[in-house]
Each structure stands twice: as C-alpha cells, then as structure tokens.
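Each chain, written out:
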Amino acid sequence: MNRTSLVAAADLAPVRLSYVAALRGVTPRLAGTSFAYAQLGCSNAEAFLCIAASNPEGTFFAVIEDEAAAAAARNMAKARKVDNAFFVVGIGELPKLEYLVYDETDNANNKIPRKELASMASTLLRPSGLFVYRYKAYENADDTLRFVVSEFAPEMNAQQATTFLHEIKALGALYFEGRPIAKAALDNAIKQNIPDQFFAACNTGEKPVSHTFDTMVDFVPAGLSYAGDANIACNYLELSVPALAQDILLKCRENMLYEAIKDFAMQRLERCDIWCCAPINQTANMVALYGGFTFGSTIPRNQIPETIEACGKTVNLRLSPFPALIDLLTTLPLSIGDFLEHPTGAMVSPPDAVGAMQVLVATGIACPMRSYYQGQDQAELTHPKWANGFNSHLTNASVTTQEVLLASPVVGGGVSVSARDALVIQAISRAGMADSIAALLPELARVAKDPALSAKVTGIAEPTAEAAHNMIDEVVTRSLIQWYAYGLLAA
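Source: prediction; values computed, not measured. (Residues numbered from 1 in each chain as written. Predicted model: local features only at pLDDT ≥ 70, side-chain atom pairs only at ≥ 80, totals over all residues. Heavy atoms only, no water.)

## Topic: the pattern of salt bridges
Line of reasoning, step 1. Evaluation of the coordinates by the stated rule reveals 29 salt bridges.
Line of reasoning, step 2. Between Arg74 and Glu67 there is a salt bridge, with its nearest N and O atoms 2.9 Å apart.
Line of reasoning, step 3. When the shortest N-O distance is used, the salt bridge between Arg271 and Asp273 registers 2.9 Å. Note on accessibility: Arg271 and Asp273 belong to one class, buried.
Line of reasoning, step 4. Each of Asp229, Glu259, Asp263, Arg268, Arg271 and Asp273 takes part in one network of salt bridges that share partners. (Salt bridge = Lys/Arg side-chain N within 4 Å of Asp/Glu carboxyl O. Buried < 20%, exposed > 50% of the residue type's maximum accessible area, 1.4 Å probe, protein only.)

Below is the structure:
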C-alpha cells in the first residue's frame, strides 16, 4: 500500500478530522458511536461512498444541486452496496450533523458565499461539530507578501518599519528563494534602511486579499472556532515553517492575522481548515483526547527512515520510544493504551507515548484510524472474501489506473492500493488462491496491449504463467496480511 495515497484519500475522513480537533483540546466523538456527516457540493461520488463504506456506524449525506447527478450517484451507491450514504438536493433533508464538509476548490463555478456557509455550519452542526472548509486562500504567492505588508506597514514608526524588514526576510525564506529580484530589493532596503521604498514596491494599487483572514472575519461571529488544518503537519510550526520564521510566528500567535502570516511563511495558497461549532466540549485529559483512537502504519518496517528532515528540523526516529512504537505500528493497528501495556512500551510514560505518536502522525509515518483488526484466529487465505460491497466491485472491474481506491473500516477512510496489488486481489477474489494464475493471465494480457499502461501497472510485457505466478507470490507475500489488517478483506 502507498502511504501518501492513503493519507490523501483519507484527509476528509471523520477519524482524521476528530484527531486534528483533539490536538486543540476538542473532546472527540466516542469510537463506534453513531454520527451524521454531510458534504456540500459533492463532486466525487466514488470517494464519498468510500468514506461512507469505511464508517458503517455513520450516516452520510451528499448534497448535489443537480437531480440527474444525484440520481446517478444513488445508482452508484446501490451498485457498490453502500446503504448508509444518501444523495440529496438541497440542505432541507439534512439532520443535525457531527461533520460538515465543503470543498470550494471543487465548486469554483458555483461557490457558496462564506457568510452563508457560516450560517449553515452554525445551524446544521451539533455542539462541538466540525466544519471542514477547503478553499483557495490567495490568487498567487505575491499576494501572501502584499497582504502582510498592507496590514502592518501603514501603522509602523521608522524603527518598527526597519525591524519589520528583517522579519519579512525571516518569514519569507520560501517566498524569496525563487525570486532573486524581490530578494535583492529587500536586501537593499535593509542595507540602505529605506523600508518605505520596499513597502511601496509591494503596493500595486489593488488591495491584496487574504481569504484566510476574510474567512475568520465571517466565521468567528457565527460561533465557529478554528480547530486546525486537515493537513496534520501544518499544525506544527517546526514541521511546516522554516526555522528562521518560527520564533517570529510564536510571538504573534494571538494576533488575528496569525494564520495569514503563517500562510506567507509556508507559501500556502490553498487551505483545508477545520472549524468547531460552539459550545465546544474541551478537555486537557489525554486519555479522553487520544484514548479512543487507534493508529497504524502501512509503510514496510524496512522502508521507514531513521531520521526525517522537515524545515531544518531533524526528527531522530532512533530515539526511544520510536523504534518500539514503529515496530508495533507496522504490524497491526493499536491504541496508545495498547502500546503502554505491551512489554516494549511498559517503561514509557503516557505523555511520552502520546508525544511520540503525535510526531509519527505529523510526519506521515502513522495515521489515526477508526478501529482494530477484527479478524478471527485464522483468516481464509485460500479464497478470501471482500470486507464490504464497495470493495467487491473490484472483482468484475477493469483495472485501468495506477491506483485503486478501496474502503477500510479499520482506517476509517479510503486506502489506495497499486494497480499491481489490485490485479492480484482481483484474481484471488475471482478464482481463489489455487486458480489465481489462470484468473490473472487474461488481465495481464489486456494490460499488455497498452504498453504505456503496462509499464506503469505491471512492468510485464509478455504475460506468461511464470510471470503471473511471480507477481502473485511477490504481492501476496508483501501485502496479504495488511489487506486483512486494514479490513480490505474479511477475515
């Protein structure tokens, strides 16, 4: 399985959203309890159905303004046997929600005004409910600088303006990296002590817009509080911002413009914000915040690096308790409590275990998950069965892409498997392990007719029984246990 694809497919999954909010002290929904989730302007019915199939205790609503498109999506849900997903026209049919999602980047030609979004969220969400809003924050990178300058420079005296130039240089390491002319202008302004000249160069006559700041202006009065970024690494300065900028950002953390300043430092033009609806149930109790999550890693143990570099910071994964924790995470999903009860984690303090897990999640080594592997003592290896109807669709589908999206009730979201793996799973599901070679050969022959696709998918130009055998043996040896562990197959 592919780690990057898994994270991308699951970034709007309920468990991930609850985990991010927990980082801000928002008490998460108890694992396994029912909930309602809605997505406004749903443009990808398959991805939506995948999340629904991965969370059987939830009821999912996709709001589609076009009745014909909604009807087509209902047919897809029926074909994929996802019975907890509903496609509706308008918000009138929605119940009170625990999660509301709106991806404005997928609805660029029919945007819902922000004030209207804020009203919807505050009306539809239950207390502590989460609203996820993905949007384009700036038209271009220049606007990230221009906005910061336009907001701060006019109010400064001469000494403050000089200091501000140095702060801009530290905050804008990424921005100036690829703009030698702008960097030279800033360096000259610092050297000559002529801040006004640089500020004037940033003024093009049009007022720069930060949709980050405008969103806060519209959302906060509606009883919504910012609860973090769906991109988990973005919630940690040391992992998302160059080292030179971190001290400056820490000093202005309470400023209303903090997120916009951070956008400049990160050079972030698109955001995926999570907002929490008041009244908010918050706690500092680590068990309440993190005890209900399980965590796992889909990266083979031998492929996890010993150190990770991020924005000038080195995360040393050789230090305790990382090695023991990673050993367990790459075997089966587990909770922090499971780790503390395991012999290898017995000497680790709960705060250290929580901190280590947060680092592994933030760096993409591990993912917050919905549940455990619920298999029996021995899985059916000779003729495995799909865990749900969404995945069983693959049995009769033609694999034509490099990755295939499958639903995982353990991850709580979509998992992308490579086409190579998908073809092997498909062959085994069709004919069982004993006859899988005969089932795989026709698919290999089909793929081989398209050399470009074959090179990306299988690398097998001449399908033979030996090539099919070797492919099945390699994939099964590497991935079969994970297919069961993450609930892609029923044990």
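More follows now that the structure is in view.
## Considering the sheet that holds strand β7 (residues 270–277)
Line of reasoning, step 1. The strand order across the open sheet built from seven strands is β3-β2-β1-β4-β5-β7-β6, with neighbouring strands paired in mixed fashion. At either margin of the open sheet sits one strand with a lone partner, and together these are β3 (85–88) and β6 (224–229). In this sheet, adjacent strand axes meet at a mean angle of 20 degrees when their direction is disregarded.
Line of reasoning, step 2. For strand β1 (residues 35–40) and strand β2 (residues 58–63), the ladder comprises six bridges, and the chain directions are parallel. (Pairing = 2+ DSSP bridges. Helix = DSSP H or I, 4+ residues; strand = E, 2+ residues; numbered from the N terminus. Axes fitted to C-alpha atoms, helices over the stretch in contact; angles between N-to-C directions.)

## Observations concerning the pairing of β7
Line of reasoning, step 1. The element β7 is largely enclosed, with a buried count of seven among its eight residues.
Line of reasoning, step 2. Inspection of the sheet shows strand β5 (residues 125–136) paired to β7 by seven bridges, in the antiparallel sense. Paired with Tyr133 across the bridge in β7 is Asp273.
Line of reasoning, step 3. The pairing of β6 with β7 spans four bridges and is classified as antiparallel. Of the residues in β7, the one forming a bridge with Tyr226 is Trp275.

## Structural notes on helix α3 (residues 45–53)
Line of reasoning, step 1. For α3, a buried count of seven out of nine residues is recorded, marking the element as mostly surrounded by other parts of the structure.
Line of reasoning, step 2. Those residues of α3 not exposed but buried are Ala45, Phe48, Leu49, Cys50, Ile51, Ala52 and Ala53.
Line of reasoning, step 3. Structurally, the start of α3 carries an N-cap: the backbone nitrogen of Glu46 is 3.3 Å from a side-chain oxygen of Asn44. (Polar contact = N/O pair within 3.5 Å; in protein donor to acceptor, adjacent residues only side chain to side chain.)

## Comments concerning the packing of helix α5 (residues 114–124) against helix α11 (residues 211–219)
Line of reasoning, step 1. Closest axis-to-axis distance for the α5/α11 pair is 9 Å, and the angle between their directions is 45 degrees. Here α5 is positioned oblique relative to α11, judged by the angle of their axes. The way α5 lies across α11 gives a crossing that is right-handed. Side by side, α5 and α11 meet where Arg114, Lys115, Leu117 and Ala118 of the first sit next to His211, Asp214, Thr215, Asp218 and Phe219 of the second.
Line of reasoning, step 2. Grouping the amino acids of the contact of α5 with α11 by side-chain chemistry returns three nonpolar, two polar and four charged. (Parallel < 35°, antiparallel > 145°, perpendicular 65-115°, else oblique. Left-handed = near helix turned anticlockwise from the far one by under 90°. Contact = heavy atoms within 4.5 Å. Nonpolar A, V, L, I, M, F, W, Y, C, P; charged D, E, K, R; others polar.)

## A word on the packing of aromatic side chains
Line of reasoning, step 1. One pass over the full model with this rule turns up 23 aromatic pairs.
Line of reasoning, step 2. Aromatic pair Phe131 and Phe219: ring centres 5.8 Å apart, planes at 40 degrees, arrangement tilted. With Phe131 in strand β5 and Phe219 in helix α11, the pair connects residues that are 88 residues apart, well separated along the chain.
Line of reasoning, step 3. Of the residues examined, Phe131 reaches a relative accessible area of 0% and is grouped as buried.
Line of reasoning, step 4. Ring plane angle 45 degrees and centroid distance 6.1 Å describe the contact between Phe147 and Phe213, whose orientation is recorded as tilted. Of this pair, Phe147 sits in helix α6 (residues 141–152) while Phe213 sits in helix α11, placing them 66 residues apart in sequence.
Line of reasoning, step 5. You can call Phe147 buried: its relative accessible area is 4%. (Phe/Tyr/Trp six-rings, centres within 6.5 Å; stacked < 30°, edge-to-face > 60°.)

## Some details on unusual backbone geometry
Line of reasoning, step 1. Cis geometry marks the peptide bond from Ala278 to Pro279; its omega dihedral reads -5 degrees.
Line of reasoning, step 2. Position of Pro279 among the secondary structure elements: in the loop between β7 and α15 (286–290).
Line of reasoning, step 3. Pro321 follows Ser320 through a cis peptide bond whose omega is 10 degrees.
Line of reasoning, step 4. On the secondary structure map, Pro321 appears in the loop between β10 (313–316) and α16 (322–329).
Line of reasoning, step 5. The phi angle at Cys311 is positive, at roughly 55 degrees, despite the residue not being glycine.
Line of reasoning, step 6. Looking at the element boundaries, Cys311 is found in the loop between β9 (307–310) and β10.

The analysis is restricted to geometry; functional conclusions fall outside its scope.
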